Amino acid sequence: MNLTKKEQKYEGKAKKVFLTEDPNYYIVSYKDDATAFNGLKKGTIIGKGAINNRVTNFLMKMLETKGIPTDYVEELNHTETIVKACKIVPLEVIVRNIAAGSLAKRLGLKEGEILKSTVLEFCYKDDELGDPLVNSYHIAALGLCSKEDLATITNYALKINDILREYLKQDNIDLVDFKLEFGKLNDGTIILADEISPDTCRFWDSTTHEKLDKDRFRRDLGNVEEAYHEVIKRLMGEN
C-alpha cells in the first residue's frame, strides 16, 4: 500500500502510532526504548524495535492462516508497519501456562511450575492505576466491553495460546505467558492488535529454561540484546 505517515496519533512505551491519508489505516513505528514496572525502570535495548516489529508481523501472519483476524496489513521496513485502524478495547488479556512473574508472587507458586490448566486474566488498561486486575463483573460495571465481545476475546485468546504454544515448541521455545490486546473495527469486528514479541511474552528455552524475553531487562540478567536476537533467529532463521 502506498501510504505516508501524517501526524502522530499516540506514543506509548514501545511504539508510536501515526495517522495516514486513509482513515482506515495507521502506521506503527517501533522504538528501542525499554520500560518495566509500569515505566519505573527505563532503558534502551539496541535493535529491539526492529525485532519486535518483525517478530510481531511474522506471528500475526501465521495466526491469520489459522483463522485469527489481526490488524496486520503490510510491513514497510524493519521498524514500521501498516495496520488496520481500530479502537483498542481497554483490556490487557494475559494468558499463563507456567507460573512466573506476578502470578507466582501473588499465589506463592514456584516460578517454573507448570499450571494444571491455562490461566486467563484481564487487566484494566490504565497506567495511573497500575493496570489493575479485573474480572467479568468489573468489565461489565465499567462498560469496558460487551459480554459478547468479552466472550469473543476469551475464545480468541485461548485459541491463540494453543496455536502459539505448538508453533513455538518446534523452535524449542516454551510460551510461559503473554499479553494480548484486541481492537474493534468500525463494523464491530474484534481483531487481534498491538504486538506479540519478546516484550509482551515470556519465552523460555525448552531445554535450559533460559529466558529469551524482557525479563532479562527487568531483572538485570544481562545479554538482553542477545536474547531478543535468539528469538528472531529461531523463528525466522536470521541472526
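For clarity, every value in this text was computed on a predicted model and none was experimentally measured.

A. Spotlight on the overall build of the chain. The secondary structure content of the chain amounts to 6 helices and 14 strands. Relative to the compact-globule value of 18 Å for 239 residues, the chain shows a C-alpha radius of gyration of 17 Å, a close match. In terms of principal-axis extent, the alpha carbons of the chain reach across some 50 × 45 × 35 Å. Put simply, the chain has 239 residues, and 49% of those count as buried. Look at the contacts in the chain between residues 6 or more apart in sequence, and 56% of them connect residues 24 or more apart. Summed over its atoms, the accessible surface of the chain is roughly 11,800 Å², and 50% of this surface lies on carbon and sulfur atoms. Measuring between centres, the 35 positive side-chain charges of the chain sit 3 Å from its 40 negative side-chain charges.

B. A look at the sheet that holds strand β3 (residues 25–30). Reading across from one edge, β1-β2-β3-β7-β6 is the order of the 5 strands in this open sheet, with antiparallel pairing throughout. Strands at the two margins of the open sheet, each flanked by one partner only, are β1 (8–11) and β6 (72–75). Pairs of neighbouring strands in the sheet enclose a mean axial angle of 25°, with direction left out of account. Both strand β2 (residues 15–19) and β3 contribute to a ladder of 5 bridges, which runs antiparallel. Paired with Lys15 across the strands is Tyr30, a residue of β3. Against the sheet, helix α1 (residues 48–65) touches β3, β6 and β7 (80–84), its axis set at about 135° to β6.

C. Here's a closer look at unusual backbone geometry. With a phi angle near 50°, Asp131 is a residue other than glycine that sits in the positive phi range. As for its position among the elements, Asp131 is in the loop between β10 (114–124) and β11 (133–134). Accessibility expressed as a relative area gives 12% for Asp131, which makes it buried. Of note in the backbone geometry, Asn172 takes a positive phi value of approximately 60° without being a glycine. Along the chain, Asn172 turns up in the loop between α4 (147–169) and β12 (173–184). Among the residues examined, Asn172 registers a relative accessible area of 29% and is labelled partly exposed.

D. Layout of the side chain of Asn97. Mapped onto the elements, Asn97 comes out in strand β9 (residues 91–98). Within the structure, the side chain of Asn97 is placed 3.3 Å from the side chain of Arg165, a separation counted as a polar contact. Residue contacts for Asn97: discarding those within four places in its chain leaves Ile114, Leu115, Thr118, Asn161, Arg165, Leu175 and Val176.

E. Structural detail: the packing of α1 against helix α6 (residues 224–236). Here α1 crosses α6 at 30°, and the two axes come no closer than 10 Å. The orientation of α1 with respect to α6, classified from their angle, is roughly parallel. Between α1 and α6 lies a crossing whose hand is left-handed. Where α1 abuts α6, its residues Lys48, Ile51, Asn52, Arg54, Val55, Phe58 and Leu59 lie against Tyr228, His229, Val231, Ile232, Leu235 and Met236. A per-class count over the contact of α1 with α6 returns 9 nonpolar, 2 polar and 2 charged.

F. Looking closely at the packing of α1 against α4. Relative orientation of the contacting elements α1 and α4 amounts to 115°, with a least axis distance of 11 Å. Relative to α4, the crossing made by α1 is right-handed. For the pair α1 and α4, contact is made by Phe58, Leu59, Met62 and Leu63 and by Ile160, Ile163, Leu164 and Tyr167, respectively. By residue class, the composition of the contact of α1 with α4 is 8 nonpolar, no polar and no charged.

The rules we used
- Residues numbered from 1 in each chain as written.
- Predicted model: local features only at pLDDT ≥ 70, side-chain atom pairs only at ≥ 80, totals over all residues.
- Heavy atoms only, no water.
- Helix = DSSP H or I, 4+ residues; strand = E, 2+ residues; numbered from the N terminus.
- Rg over C-alpha atoms; globule rule 2.2 N^0.38 Å.
- Buried < 20%, exposed > 50% of the residue type's maximum accessible area, 1.4 Å probe, protein only.
- Contact = heavy atoms within 4.5 Å.
- Areas by Shrake-Rupley, 256 points an atom, 1.4 Å probe, with all protein chains shown as cover.
- Lys, Arg positive; Asp, Glu negative; His and termini not counted.
- Charge placed at Lys NZ, Arg CZ, Asp CG, Glu CD.
- Pairing = 2+ DSSP bridges.
- Axes fitted to C-alpha atoms, helices over the stretch in contact; angles between N-to-C directions.
- Polar contact = N/O pair within 3.5 Å; in protein donor to acceptor, adjacent residues only side chain to side chain.
- Parallel < 35°, antiparallel > 145°, perpendicular 65-115°, else oblique.
- Left-handed = near helix turned anticlockwise from the far one by under 90°.
- Nonpolar A, V, L, I, M, F, W, Y, C, P; charged D, E, K, R; others polar.

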